[in-house]
Amino acid sequence: MRVLVLGAGYAGLTLARELERRLPADADLTVVNDSSFHLVQHEVHRAIRRPSVADPIQVPLDEALTRAEVIVERVTNVDAEARRVHLADGSTLDYDYCAVCLGAETNYYGMPGLEAHALPLKRLEHAEAIRAKFFDDCDDGGTVVVGGAGLSGIQVAGELAALRDEEAAHTDIVLIEQLDTVAPAFAEEFQRAVRDELLDRGIDVRTETTVQSVTPSTVETDTGDIDYDMLVWTGGITGDGAMGDERPTVRADLRLDERTFVLGDAARAVDADGEPIPASASAAIREASVVAANIAAQVAYEQSGDPGAFPPRPKPYRFEVPGWIVSVGDGAVAQVGPSIFRGSAAKAMKATVGAGHLTSVGAVSRAVALVEEELNS
């Protein structure tokens, strides 16, 4: 019996650790990831201004996992019908159960010039490239445009504004969003607080602005052209190449078929109430716990050898999170239930989120280091 976990992001690592505990001893558990590290994705923006944050937000998989076999390689194709996974080195892995947790890539929507001229932010090397570009082209002035005002775009704009202020640079930070508000997927109270935080930090917020094309020096929009020195694009996600650049739609049991699950940002999922699940770390972690229980129950059923036993009914996932939080440079905005927090209280909450995740995967010393980075920034 072989169980594969593809990807070691929030969903993949949480799932693998749960399966290490839940699967019977004779079941083989294999994790395939394109890096030997787990990356705390929602802290990557910090590395733009604080390169030292890179160390605490990378967790070696051989420290986080105790039982699973780890294969460091890129997945190139998932053939669910054949129950076979193809890797970049030409090898294949057959499976009895597979969980696809490959995350998502930046979506450029086919807009002319956008991919060629914009910098994404998905990995630490992207943060390094953004930082280098700022010091090469923007620290003496100029304009930085950040496309997309979801949580990632908000955090990038905030970090660049803080870097500008630290360097006493005369740089304009412009955050553009196609919809009529920042943080468009969230409650109105949260949106208003985030917009206020952005404005307080000297960020030019332009909503209802749709990018149409990009040249080496100009973002062409439906409301006018914006000349820029650096463009960062966080305006959407698309599926991993191994999934044909698609994010397949799955229901609340997160199953693509009877033996293949897709979760985290890799999927478009609806929960037990029929509501779409937002792409977020908190959702991915909670989905992983549900999938772990379902895979473990199915493996136990198959190994029981009892022909009269009923197969287990898959447990559905219901999207429930206590709140949301986003950093904006040295500030933050948090929503817990109906209450909105800004200032030191929100900043302290933000520090505990990343640290809590690191602690949950056994990286306690890195959690301490991250809290120090957050609170001393």
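As the structure is a computational prediction, the values presented were derived from the model and not from experiment.

Each value, and the rule that gives it
Residues numbered from 1 in each chain as written. Predicted model: local features only at pLDDT ≥ 70, side-chain atom pairs only at ≥ 80, totals over all residues. Heavy atoms only, no water. Salt bridge = Lys/Arg side-chain N within 4 Å of Asp/Glu carboxyl O. Helix = DSSP H or I, 4+ residues; strand = E, 2+ residues; numbered from the N terminus. Buried < 20%, exposed > 50% of the residue type's maximum accessible area, 1.4 Å probe, protein only. UniProt positions renumbered as here; feature names shortened; annotations may be inferred. Pairing = 2+ DSSP bridges. Phe/Tyr/Trp six-rings, centres within 6.5 Å; stacked < 30°, edge-to-face > 60°. Contact = heavy atoms within 4.5 Å. Domains from an automatic or database assignment. Polar contact = N/O pair within 3.5 Å; in protein donor to acceptor, adjacent residues only side chain to side chain. Expected span 1.5 Å × (residues − 1). Axes fitted to C-alpha atoms, helices over the stretch in contact; angles between N-to-C directions.

**Student:** Can you explain the pattern of salt bridges? Please cite residues and give values.
**Tutor:** Overall, the coordinates contain 22 salt bridges when judged by the stated rule. With a shortest N-O distance of 2.8 Å, Glu166 and Arg49 are connected by a salt bridge. Remark: Arg49 occurs in helix H2 (residues 46-49) and Glu166 occurs in helix H6 (residues 151-166); sequence separation between them is 117 residues. With a relative accessible area of 3%, Arg49 lands in the buried category. Measuring nitrogen to oxygen at the nearest pair gives 2.8 Å for the salt bridge that ties Glu302 to Arg259. On the criterion of sequence distance, the pair formed by Glu302 in helix H8 (residues 281-304) and Arg259 in the loop between strand S20 (255-257) and strand S21 (260-262) is long-range, its members being 43 residues apart. On the basis of relative accessible area, Glu302 is assigned to the partly exposed category, the value being 31%. When salt bridges that share partners are traced, they join Arg46, Arg49, Arg50, Glu159, Glu166 and Asp330 into one network.

**Student:** Mind laying out the UniProt feature "domain: FAD/NAD(P)-binding" (unreviewed entry) in the protein chain, listing which residues take part and the relevant values?
**Tutor:** The UniProt record annotates "domain: FAD/NAD(P)-binding" (unreviewed entry) at residues 1-288. Secondary structure across residues 1-288 comprises 26% helix and 30% strand; the distance between its end C-alpha atoms is 20 Å.

**Student:** Describe the pairing of strand S17 (residues 230-233), and please don't skip the residues or the numbers.
**Tutor:** Across the two faces of S17 the burial is the same, with Met230 and Val232 and Leu231 and Trp233 all buried. Alignment of strand S11 (residues 142-147) against S17, held across four bridges, turns out to be parallel. Along S17, the bridge assignment pairs Val144 with Met230.

**Student:** Break down the packing of aromatic side chains for me, citing the residues and quoting the values.
**Tutor:** This model, assessed by the stated rule, comprises four aromatic pairs. Aromatic side chains Phe186 and Phe190 sit 5.4 Å apart centroid to centroid with 50° between the ring planes, which places their arrangement in the tilted category. Given the relative accessible area of 0%, Phe190 is considered buried. Taken together, a centroid distance of 4.9 Å and an interplanar angle of 75° make the contact between Phe186 and Trp324 edge-to-face. In this pair, Phe186 is assigned in the loop between strand S12 (171-176) and helix H7 (188-200) and Trp324 in strand S23 (residues 323-328), connecting sequence segments 138 residues apart. With respect to burial, Phe186 and Trp324 carry one shared label: buried.

**Student:** Requested: an account of the environment of Pro316, with residues and values cited.
**Tutor:** Along the polypeptide, Pro316 turns up in the loop between H8 and S23. Along the sequence, Pro316 and Asp253 sit 63 residues apart, while their C-alpha atoms lie 4.6 Å from each other. Filtering out sequence-adjacent residues up to four positions away, Pro316 remains in contact with Ala252, Ala272 and Val290.

**Student:** Describe in detail the domain arrangement of the protein chain, supporting the description with residues and values.
**Tutor:** What the domain assignment lists for the protein chain is domain 1 (1-33 + 72-103 + 238-320) and domain 2 (112-234). The C-alpha-based centres of domain 1 and domain 2 are spaced at 34 Å.

**Student:** Describe the side chain of Gln155, with residues and values.
**Tutor:** Within the secondary structure, Gln155 is located in helix H6. We classify Gln155 as buried; its relative accessible area is 8%. Separated by 3.3 Å, the side chains of Gln155 and His45 make a polar contact. Apart from residues lying up to four places away in sequence, Gln155 is in contact with His42, His45, Val326, Ser327 and Lys350.

**Student:** Hey, could you go over helix H9 (residues 343-360) for me, with residue numbers and the actual values?
**Tutor:** In this model H9 runs 26 Å from its N-terminal to its C-terminal C-alpha over 18 residues, within 8% of the 26 Å that 1.5 Å per residue would give. By the burial criterion, the buried members of H9 are Ala346, Lys347, Lys350, Ala351, Gly354, Ala355, His357 and Leu358. A positive backbone phi angle near 85° is found at Gly362, which sits one or two residues after H9.

**Student:** Describe in detail the environment of Gly202, supporting the description with residues and values.
**Tutor:** Its location among the elements puts Gly202 in the loop between H7 and strand S13 (203-206). A sequence separation of 40 residues divides Gly202 from Ala162, and the C-alpha atoms of the two residues are 9.4 Å apart. Those residues in contact with Gly202 that lie beyond four places of it in its chain are Arg164 and Ile173.

**Student:** Mind laying out the sheet that holds strand S16 (residues 224-227), listing which residues take part and the relevant values?
**Tutor:** Taken in spatial order, the three strands of this open sheet run S14-S15-S16, and their pairing is antiparallel. Looking along the sheet, the strands with just one partner apiece sit at the ends: strand S14 (211-214) and S16. In this sheet, neighbouring strand axes are inclined to one another by 25° on average, regardless of whether the strands run parallel or antiparallel. As paired strands, S14 and strand S15 (residues 218-221) are joined by three bridges and run antiparallel to one another. Directly across from Val211, in S15, lies its bridge partner Thr221.

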